[in-house]
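# Topology and contacts: notes
Chain by chain, the residues run as shown.
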Amino acid sequence: MSATRFAFYGRVSTEDNQDPESSRAWQLTRSRALIEPRGGVIVAEFFDVDKSRSIPWQRRPQASALLTELRNPDRDFQAVVIGEPHRAFYGNQYGLTFPLFEHFGVPLWVPEVGGPIDSSNEAHDLVMSVFGGMSKGERSRIKIRVRTAMSAQAQVEGRFLGGRPPYGYRLVDAGPHPNPAKAADGRRMHRLELDPFASAVVARIFADFLAGYGLFAIAERLTREGILCPSAHDPARNRHRSGVAWSKGAVRAILTNPRYTGYQVWNRQRKDEVLIDIDDVGLGHTTKLRWNPQDKWIWSDAPAHPPIVSREDFEAVQEALASRGHRYTDKTVRRSRHYYQLRSLLRCGICGRRMQGEWNNEMPYYRCRFPQEYALANHVTHPRNVYVRERDITPKLEQWLARLFTPWNIERTLDQMVGAHGGPAPAAQESELLKRQLAESDRKLGQHRAALEAGADPVIVAGWMREEQSHRSELERRLRRLPGGPERPHGSGRSRGVPAQAGRPGGRSP
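Owing to the predicted nature of the structure, the values given are computational and were not obtained by experimental measurement.

### Things to note about a negative patch on the surface
Side chains of Glu312, Asp313, Glu315 and Glu319 sit close together on the surface and give a patch of like negative charge. For Glu315, the position within the fold is in helix H11 (residues 311–322).

Here's what the structure looks like:
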């Protein structure tokens, strides 16, 4: 009797610092424990990494690939096994997905029912529905716990909770992480310290605005004097920005940032889950960042870092901005009333910036507005406005596309499209990833040795090292299995990095 061939599906989210390799390993172990006693063997794997459980199967790359493979009559597998339904199904996803398995005659096995799911068995449907609800509830509880903890850390401790430091500050080390496990892993705390040059620019911006200068006037003055804008002062902040000059948006962002008062402020933004299509709820939600009103902000009880402006001046600036009346700001969601075929695709041939859509004379145009001071900063000759009509572009674009995909040219076009990716082969990508993970494993082992030498409990440290050694051995094994992978040297009975004496207190082996 031939073995039943299975495809394995699993998922892991890295939001809470889960290890994808460890998660995949234990989900595979559960799956094999279910199918191998019955003659099953896993011949294909579909494993989604860093994808939230709330995302429907059709929008997860590997889950979508599995659903596509169900339609293939020549697929390599006869059934599908899931090691952990909590991670695979969320809310009503089981009810939306399982009918596809039934339609294509592919049994779905899960440990919770001890084998394949039987759609005619009410207990099976109830169990799977309950797991979907539990998964949704677990995610909700995690969100509540995380948000509550971060709120307390910001308000009571004034802790810097991550992200890029505001322009005018820089990050400095603030000692080991208060969580012992994270501290043992080398995590450090950080706090904000004044950037001498940028903090003076921030103070000047507030002073100029209170003196009556407008946002655009401040931006032009700073650009004219050759003062670097935030993305040019620290290019790592916004790699997608040109950094050639100050903009009104950058000035406004500084004037509305309450952290310049020296207080830690959290919850200025929130993540809302919005339906992708109200007529097709099965597509799920997408996450959108939205600004919270000021009464929802969480302020630290005491100053947490050196202030640049007083709280009184900051409040005066906010009142002045509000007194200008209701108008669009950089935080206002703008929705276009018109459709632009080439939206976000056109760039100005002079400055290289993305062009904006604008409706003129009852037809779509694309515009690049480049103030004179910006042109001086970029050392280019640029008209104040550059316009192009959409109807002047689309016919030529259609002709060009038609030539590319003519029957005698389509093979060449497809080759060019494949070559345009220009990335390394999948095996090379995996090899580079494994090498980085090995380097990270060596770093952790070095930290564990340092902790041991510093007087940490040898038994606890030995457990950490054994666990990391096992993980490192698995990485080496996977690297050797890749095409062109390194061969294992003769006589290397164990991997480097862990001293033989680490197994018992006092440094003596049993």
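Next comes the rest of the description.
### With respect to unusual backbone geometry
In terms of backbone geometry, most residues other than glycine have negative phi values and most peptide bonds are trans. With a phi angle near 75°, Asn267 is a residue other than glycine that sits in the positive phi range. Along the chain, Asn267 falls in the loop between strand E8 (265–266) and strand E9 (269–275). Taking relative accessible area as the criterion, Asn267 reaches 12% and is therefore assigned buried. Here the phi dihedral of Asn361 falls at roughly 50°; this positive angle occurs in a residue that is not glycine.

### A look at the packing of aromatic side chains
Within this structure, the stated rule accounts for 15 aromatic pairs. A centroid spacing of 4.7 Å and a plane angle of 40° characterise the contact between Tyr9 and Trp57, whose relative ring orientation is tilted. One end of the pair, Tyr9, is in strand E1 (residues 4–12); the other, Trp57, is in the loop between strand E2 (40–49) and helix H2 (61–70), and 48 residues separate them in sequence. Exposure remark for Tyr9: the relative accessible area of 0% places this residue in the buried category. Exposure remark for Trp57: the relative accessible area of 1% places this residue in the buried category. Between the aromatic rings of Tyr263 and Trp299, the centroid separation amounts to 6.1 Å while the plane-to-plane angle is 65°, which identifies the pairing as edge-to-face. Of this pair, Tyr263 sits in the loop between helix H10 (248–255) and E8 while Trp299 sits in strand E11 (residues 298–299); the two residues are 36 residues apart in sequence, bridging distant segments of the chain. The same class applies to Tyr263 and to Trp299, which are both buried. Grouping aromatic residues by their ring pairs yields a cluster made of Tyr9, Trp57, Phe89, Tyr94, Phe98 and Phe101. The ring of Trp297 has Arg268 sitting right over it, with the charged end atom 5.3 Å from the ring centre.

### Observations concerning the sheet that holds strand E13 (residues 363–369)
With antiparallel pairing, three strands are arranged side by side in an open sheet as E12-E13-E14. Sheet topology places strand E12 (356–360) and strand E14 (385–389) at the edges, where each strand pairs with a single neighbour. Strand-to-strand twist of the sheet, defined as the mean angle between neighbouring strand axes without regard to direction, takes the value 35°. Sheet analysis places E13 next to E14, joined by five bridges and oriented antiparallel. Paired with Tyr365 across the strands is Arg389, a residue of E14.

### Quick word on a nonpolar patch on the surface
On the surface, a nonpolar cluster with roughly 590 Å² of combined accessible area is contributed by Leu397, Trp400, Leu401, Phe405, Ile410, Leu414 and Met417. Where the nonpolar patch is concerned, the elements lending two or more residues are helix H13 (394–404) and helix H14 (410–420). With respect to the element layout, Leu414 can be found in helix H14.

About the cut-offs
Residues numbered from 1 in each chain as written. Predicted model: local features only at pLDDT ≥ 70, side-chain atom pairs only at ≥ 80, totals over all residues. Heavy atoms only, no water. Patch = residues over 30% accessible without salt bridge, like charges linked within 9 Å, V, L, I, M, F, W, Y side chains within 5 Å. Areas by Shrake-Rupley, 256 points an atom, 1.4 Å probe, with all protein chains shown as cover. Salt bridge = Lys/Arg side-chain N within 4 Å of Asp/Glu carboxyl O. Lys, Arg positive; Asp, Glu negative; His and termini not counted. Charge placed at Lys NZ, Arg CZ, Asp CG, Glu CD. Helix = DSSP H or I, 4+ residues; strand = E, 2+ residues; numbered from the N terminus. Buried < 20%, exposed > 50% of the residue type's maximum accessible area, 1.4 Å probe, protein only. Phe/Tyr/Trp six-rings, centres within 6.5 Å; stacked < 30°, edge-to-face > 60°. Lys NZ or Arg CZ within 6 Å of the ring centre and 35° of its normal. Pairing = 2+ DSSP bridges. Axes fitted to C-alpha atoms, helices over the stretch in contact; angles between N-to-C directions.

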